[in-house]
Amino acid sequence: MTPDALRYTRIPLANGSGEIPAVGFGTLIPDPVATRQSAKTALEVGFRQLDCAERYRNEEAVADAMLDVFRTGKILRKDVFVTTKLWNTNHRPERVRAAFDASRRLLRLNYVDCYLIHTPFAFQPGDEQDPRDERGRVIYDTGVTLVETWQALERLVDDGDCKSIGLSDITLPKLREIVAAARIKPAVVQVESHPYLPEWDLLDFCREHGIVLQAFAALGHGMEPSVLEDPVIAAIAQRVQKTPAQVALAWAVQRGTAFLTTSTKPPRIRESFDLSTLPEDAMREIREHIFANVRFNTVVETGVPGFIPRTK
Ligand SMILES: NC(=O)c1ccc[n+]([C@@H]2O[C@H](COP(=O)([O-])OP(=O)(O)OC[C@H]3O[C@@H](n4cnc5c(N)ncnc54)[C@H](OP(=O)(O)O)[C@@H]3O)[C@@H](O)[C@H]2O)c1
């Protein structure tokens, strides 16, 4: 297939300002040197959307990567859509502004394109990101509601430092509650989604409310059962002469989601940007002939990430 404009798809934010590039690079990379190199490669090959988080403890390395490319003058800050996330220990409204400013400072950005509540689970407030009791159980915080945290994010938009806000690792019932209570509706909802977890109901709800569904683990986290070895995906890849990863990622864009993928290997980073539009029959086959239903990341159930980043 010849390259086309699919990779440059931008989705206007109905509930925020600007547009989110559908093709996104995630920075959940434990090593800061690899984070800087990979994020820089991603920008150089064409990615214009970076996903970060306070919890990844590497916002400084992402900032270094951005500065590396901004300095060349070929890519401007305004061309890159940067998301970061509020961690579970900062859900109390009085902690939100400080957490947001700390991320902005580490990322060396005046404004953030999107700020997400990383998970709907509030943990004991404090500097310990993974607070546990003596028996190793997570200490949750029952003194704050998700709506209260959301209202604190709305104030960040009011102040002009944040162009849009959203939620991550949220279920449809909880999302409905926030949409009903919100003064500023979520612009983006970031959840695990790939051909083995298409989340069609959530996507329908998001469409109805002008929310962009941003699919993380768009390649299935590289875990088993492998999305990339799925016979339907593999057959399409062979037919259209693309790789299985390119098929899964093109599918994500063509069904109207934004996606996040991550690699520390430059050839793969390039491959994941080099997308072409799939024929309609391929889109239909993925929807109708894949029956697997696999959630790889349990973060949505507990607020504890399936992958724990490096500790300082
Ligand atoms: N909101 C949340 O709770 C949450 C949770 C998890 C992730 N995220 C975000 O989503 C981002 C993406 O998640 P993810 O890294 O799990 O996504 P993913 O793209 O599904 O999985 C990445 C895995 O696929 C491999 N890979 C990457 N490109 C490939 C290609 N072209 N061909 C074959 N294999 C390839 C990578 O291996 P190599 O590195 O060896 O290439 C890695 O093992 C994260 O970085 C983070 O920003 C958010």
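The rules behind these values
Residues numbered from 1 in each chain as written. Predicted model: local features only at pLDDT ≥ 70, side-chain atom pairs only at ≥ 80, totals over all residues. Heavy atoms only, no water. Helix = DSSP H or I, 4+ residues; strand = E, 2+ residues; numbered from the N terminus. Contact = heavy atoms within 4.5 Å. Core = buried A, V, L, I, M, F, W, Y, C linked by side-chain atoms within 4.5 Å. Buried < 20%, exposed > 50% of the residue type's maximum accessible area, 1.4 Å probe, protein only. Phe/Tyr/Trp six-rings, centres within 6.5 Å; stacked < 30°, edge-to-face > 60°. Near = heavy atom within 4 Å. Polar contact = N/O pair within 3.5 Å; in protein donor to acceptor, adjacent residues only side chain to side chain. Areas by Shrake-Rupley, 256 points an atom, 1.4 Å probe, with all protein chains shown as cover. Pairing = 2+ DSSP bridges. Axes fitted to C-alpha atoms, helices over the stretch in contact; angles between N-to-C directions. Salt bridge = Lys/Arg side-chain N within 4 Å of Asp/Glu carboxyl O. Expected span 1.5 Å × (residues − 1).

Comments concerning the environment of Leu-153
Working step 1: Within the secondary structure, Leu-153 sits in helix 4 (residues 146-158).
Working step 2: When neighbours within four sequence positions are excluded, Leu-153 is seen to be in contact with Leu-86, Val-96, Tyr-115, Leu-116, Ile-117, Ile-165 and Gly-166.

Comments concerning the nonpolar core
Working step 1: By size, the foremost hydrophobic cluster in this structure holds 91 residues, and its most contacted members are Met-66, Tyr-115, Leu-153, Leu-175, Phe-259 and Leu-278.
Working step 2: A per-element tally of this core places helix 8 (residues 244-254) first, with eight residues.
Working step 3: Residue contacts for Leu-175: discarding those within four places in its chain leaves Leu-167, Ile-170, Pro-186, Val-189, Leu-202, Phe-205, Cys-206 and Ile-211.

What to know about the packing of aromatic side chains
Aromatic rings considered in pairs are described by the distance between their centres and by the relative angle of their planes.
Working step 1: This structure, assessed with the given rule, holds eight aromatic pairs.
Working step 2: Ring plane angle 85° and centroid distance 5.8 Å describe the contact between Trp-87 and Phe-123, whose orientation is recorded as edge-to-face. Of the two residues, Trp-87 sits in the loop between strand 5 (81-86) and helix 3 (93-107) while Phe-123 sits in the loop between strand 6 (114-117) and helix 4, which places them 36 residues apart along the sequence. For the residue pair Trp-87 and Phe-123, the accessibility class agrees, reading buried in each case.
Working step 3: Judged by centre distance (4.8 Å) and plane angle (70°), the ring pair of Phe-100 and Tyr-115 falls under edge-to-face. Within this pair, whereas Phe-100 is found in helix 3, its partner Tyr-115 is found in strand 6, the two being separated by 15 residues in sequence.
Working step 4: Using a relative accessible area of 0% as the deciding quantity, one classes Phe-100 as buried.
Working step 5: Taken together, the ring pairs in this structure connect Tyr-8, Phe-25, Phe-47 and Phe-273 into an aromatic cluster.

Notes on the site of the ligand
Working step 1: In the neighbourhood of the ligand, 29 residues make up the surrounding shell, with Asp-169, His-221, Thr-261, Ser-263 and Lys-265 lying closest.
Working step 2: At 3.1 Å from an oxygen atom of the ligand is found a main-chain nitrogen or oxygen belonging to Leu-28.
Working step 3: At 2.7 Å, a side-chain N or O of Arg-268 approaches an oxygen atom of the ligand.
Working step 4: Here the ligand loses 87% of its free accessible area of 910 Å² to cover by the protein chains.

Regarding the sheet that holds strand 5
Working step 1: Around the barrel, eight strands lie side by side as 3-4-5-6-7-8-9-10; this closed barrel has parallel pairing. Mean inter-strand twist for the sheet, computed between neighbouring axes without regard to direction, equals 25°.
Working step 2: Here strand 3 (residues 23-26) pairs with strand 10 (residues 258-261) via three bridges, running parallel. Bridging across to strand 10, Val-23 finds its partner in Phe-259.

What to know about unusual backbone geometry
Working step 1: Here the amide bond leading from Glu-224 into Pro-225 is cis, since omega sits at -5°, within 30 degrees of zero.
Working step 2: Within the secondary structure layout, Pro-225 lies in the loop between strand 9 (212-216) and helix 7 (231-240).
Working step 3: Phi angles above zero are rare outside glycine, and Gln-241 is one such case at about 60°.
Working step 4: Along the chain, Gln-241 falls in the loop between helix 7 and helix 8.
Working step 5: On the basis of relative accessible area, Gln-241 is assigned to the exposed category, the value being 66%.

What about the pattern of salt bridges?
Working step 1: Throughout the structure, instances matching the rule amount to 26 salt bridges.
Working step 2: Arg-183 serves as the salt-bridge partner of Asp-158, at 2.7 Å between the closest nitrogen and oxygen. With Asp-158 in helix 4 and Arg-183 in the loop between helix 5 (172-181) and strand 8 (188-192), this residue pair connects regions lying 25 residues apart in the sequence.
Working step 3: Linked by salt bridges that have partners in common, Arg-36, Asp-64, Asp-68, Arg-71 and Arg-108 make up one network.

Focus: helix 4
Working step 1: With 13 residues, helix 4 should cover 18 Å at 1.5 Å per step; its first-to-last C-alpha distance of 19 Å lies within 8% of that length.
Working step 2: Within helix 4 the residues assigned to the buried category are Leu-146, Thr-149, Trp-150, Ala-152, Leu-153, Glu-154 and Leu-156.
Working step 3: Downstream of helix 4 by a residue or two, Gly-160 has a phi angle that is positive, lying close to 85°.

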